[in-house]
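The primary structure of each chain is shown beneath.
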Amino acid sequence: MPKQFLFPIEKHMYTVFTDIITFPTFMVSSMVRDVIKLYNPFLRYVRIIMMVVRNLLPFGKS
C-alpha cells in the first residue's frame with residue numbers, strides 16, 4: 001500500500017471540504033482519524049493529497 005496518494009479534484013464555487021467524505025472513496029481528516037484510532041488502533045491509513053485540477057484554456061480565453 002502506498003504511503004500517500006494524489007487525488008485529483010475539480011474545484012467548483014460551491015465545493016465544501018468536510019472532515020468525513022464518503023464518495024467516491026471514504027476519506028477522513030486527521031482529527032477524525034485520531035478519534036477512530038481510539039476505538040480501532042489497528043486500521044491502516046493512506047495519506048491523500050487533494051490536488052485541484054483546472055481546465056487549462058489558451059491564453060486570453062475564459
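Cut-offs used in this document
- Residues numbered from 1 in each chain as written.
- Predicted model: local features only at pLDDT ≥ 70, side-chain atom pairs only at ≥ 80, totals over all residues.
- Heavy atoms only, no water.
- Helix = DSSP H or I, 4+ residues; strand = E, 2+ residues; numbered from the N terminus.
- Areas by Shrake-Rupley, 256 points an atom, 1.4 Å probe, with all protein chains shown as cover.
- Patch = residues over 30% accessible without salt bridge, like charges linked within 9 Å, V, L, I, M, F, W, Y side chains within 5 Å.
- Salt bridge = Lys/Arg side-chain N within 4 Å of Asp/Glu carboxyl O.
- Buried < 20%, exposed > 50% of the residue type's maximum accessible area, 1.4 Å probe, protein only.
- Contact = heavy atoms within 4.5 Å.

K.L.:
Explain the overall build of the chain here, please?
P.N.:
When helices and strands are tallied, the chain shows 1 helix and 4 strands. Summed over all atoms, the accessible surface of the chain reaches about 6100 Å², with 62% contributed by carbon and sulfur.

K.L.:
Would you mind going over a nonpolar patch on the surface with me for this structure?
P.N.:
Taken together, the side chains of Phe5, Phe17, Ile48 and Met50 define a hydrophobic patch exposed on the protein surface, amounting to about 340 Å² of accessible area. Relative to the elements of secondary structure, Ile48 occurs in strand β4 (residues 47–52). Of the residues examined, Ile48 reaches a relative accessible area of 31% and is grouped as partly exposed.

K.L.:
Sorry, what's going on with the environment of Ile20 here?
P.N.:
By secondary structure assignment, the location of Ile20 is in strand β2 (residues 20–21). Distance from Ile20 to Arg33, taken between C-alpha atoms, is 9.6 Å for residues 13 residues apart in sequence. Ignoring sequence-local partners within four residues, the contact set of Ile20 consists of Phe26, Met27, Val28 and Val32.

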